[in-house]
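Here is what each chain is made of, one letter per residue.
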Amino acid sequence: MKYFTISELCASSSAAKYGIDNMPTSQITRNLTEMVEKLLDPLREAWGSGIKVTSGYRCTKLNTKVGGSATSAHCYGLAVDTKPSNGRMAEYQQFVEKFLREHKELGFDQLIHEYPDKNGVDSWVHIGYKTSSGKQRRHILTIN
């Protein structure tokens, strides 16, 4: 893992706030490692600037507390919500979509532009690597 750490992918201010232990199991750690090595590190390398993970692994208790989907790939260490460190959200959203479309060999499950506005304020890019069953559906969605 070149650009991301397991600690970074499991960090959660909500878990700290509610006293929830969000430490991953060994299987979750393997999932996180695979996702980083096969998808996130190549994406970060191509982007050429920092990518901040705003939400990575979420244990079931944390996922419930933050209102996540009961079937969320976050619970399996197979999804992250991200923002560009340089603040150029609109450019980042376009870049990620183009990158994933052009690099079919990397595989991904979902790319979701969540809550985008014209300035990229209060938005993030959800990148799902696989479903819990291992599928990579290559869905690209926008949620307003």
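Every residue gets a number counted from 1 within its own chain, in the order that chain's sequence is written. Local features in this predicted model are restricted to residues of pLDDT 70 or higher, and side-chain atom pairs are both shown and tallied only at a pLDDT of 80 or more, whereas totals for entire chains, interfaces and linings draw on every residue. Where side-chain values are given, they derive from all heavy atoms of the structure, hydrogens and water being excluded.

Q: In this structure, what is going on with the overall build of the protein? I would like to understand it.
A: What the protein contains, in helices and strands, is 5 helices and 5 strands. Shown N-terminal to C-terminal, the secondary structure of the protein runs as helices and strands in the order α-α-α-β-α-β-α-β-β-β. For 144 residues, the compact-globule formula gives about 15 Å, and the C-alpha radius of gyration of the protein, at 14 Å, lands near that figure. Accessibility here uses a 1.4 Å probe with only protein chains present; expressed as a share of the type maximum, an area under 20% marks a residue as buried, one over 50% as exposed, and anything in between as partly exposed. Each of the 144 residues in the protein was classed as buried or not, and the buried ones make up 43%. Here a residue-residue contact requires only that any non-hydrogen atoms of the pair lie within 4.5 Å. In the protein, the share of contacts with a sequence separation of at least 24, taken over all contacts with a separation of at least 6, comes to 70%. Of the roughly 7700 Å² that the protein leaves accessible, carbon and sulfur atoms contribute 49%. Asp and Glu count as negative and Lys and Arg as positive, but His and the ends of the chain are not part of the count. We put the charge of a Lys on NZ, of an Arg on CZ, of an Asp on CG and of a Glu on CD. Taking the 19 positively charged and 15 negatively charged side chains of the protein as two groups, their mean positions are separated by 4 Å. Going along the chain from the N terminus, every DSSP run of H or I of four or more residues is numbered as a helix, and every run of E of two or more is numbered as a strand. It is over C-alpha atoms that the radius of gyration is taken, and the globule rule equals 2.2 Å times the number of residues to the power 0.38. All accessibility values rest on the Shrake-Rupley procedure with a 1.4 Å probe; residue burial counts only the protein chains present in the view.

Q: Honestly, the environment of lysine 17 in this entry has me stumped. Any pointers?
A: By secondary structure assignment, the location of lysine 17 is in helix α2 (residues 13–18). Given the relative accessible area of 64%, lysine 17 is considered exposed. Along the chain, lysine 17 and tryptophan 124 lie 107 residues apart, while their C-alpha atoms are 22 Å from each other.

Q: Teacher, can you tell me more about helix α3 (residues 26–47) here?
A: Along an α-helix, residues three or four positions apart point the same way, because every turn accommodates 3.6 residues. In this model, α3 (22 residues) spans 29 Å end to end at C-alpha, consistent with the 32 Å of a helix rising 1.5 Å per residue. For α3, the principal kink sits at valine 36 and spans about 45 degrees. Among the residues making up α3, those that are buried are Ile28, Asn31, Leu32, Met35, Val36, Leu39, Leu40, Asp41, Leu43, Arg44 and Trp47. Next to the buried residues of α3 lie α1 (6–10), β1 (51–55), β2 (79–84), α5 (89–102) and β4 (124–128). Helix span, as expected, comes to 1.5 Å for every residue beyond the first. To obtain the bend at a residue, axes are fitted to the seven residues ending there and to the seven starting there, and the angle between these axes is taken.

Q: Is there a simple way to think about the side chain of asparagine 63 in this case?
A: Mapped onto the elements of the fold, asparagine 63 is located in helix α4 (residues 60–65). Setting aside anything within four residues of it in sequence, one finds asparagine 63 in contact with Arg58, Gly68, Ser69, Ala70, Ser72 and Cys75.

Q: Which parts of the structure should I look at to understand the confidence of the model for the protein?
A: Atomic detail in the predicted coordinates should be set aside for any region of low pLDDT. With 95% of its residues at a pLDDT of 70 or more, the protein has an overall mean of 93. The score called pLDDT rates the predictor's confidence residue by residue, from a low of 0 to a high of 100. The least confident element of the protein is strand β5 (residues 139–143), whose mean pLDDT is 88; the most confident is α3, at 98.

Q: How should I be thinking about the pattern of salt bridges in this particular structure?
A: Side chains that carry opposite charge are capable of pairing whenever their charged atoms lie near each other. A side-chain nitrogen of Lys or Arg and a carboxyl oxygen of Asp or Glu constitute a salt bridge if their distance falls within 4 Å. All told, the structure shown has 6 salt bridges when counted by the stated rule. The salt bridge involving lysine 2 is made with glutamate 45; its shortest N-O contact spans 3.1 Å. Of the two residues, lysine 2 sits in the segment before α1 while glutamate 45 sits in helix α3, which places them 43 residues apart along the sequence.

Q: How should I be thinking about unusual backbone geometry in this particular structure?
A: What you tend to see is this: most non-glycine residues have negative phi, and most peptide bonds are trans. Although it is not a glycine, arginine 138 adopts a positive phi angle of roughly 60 degrees. Along the chain, the position of arginine 138 falls in the loop between β4 and β5. Here arginine 138 falls in the partly exposed class, since its relative accessible area comes to 29%.

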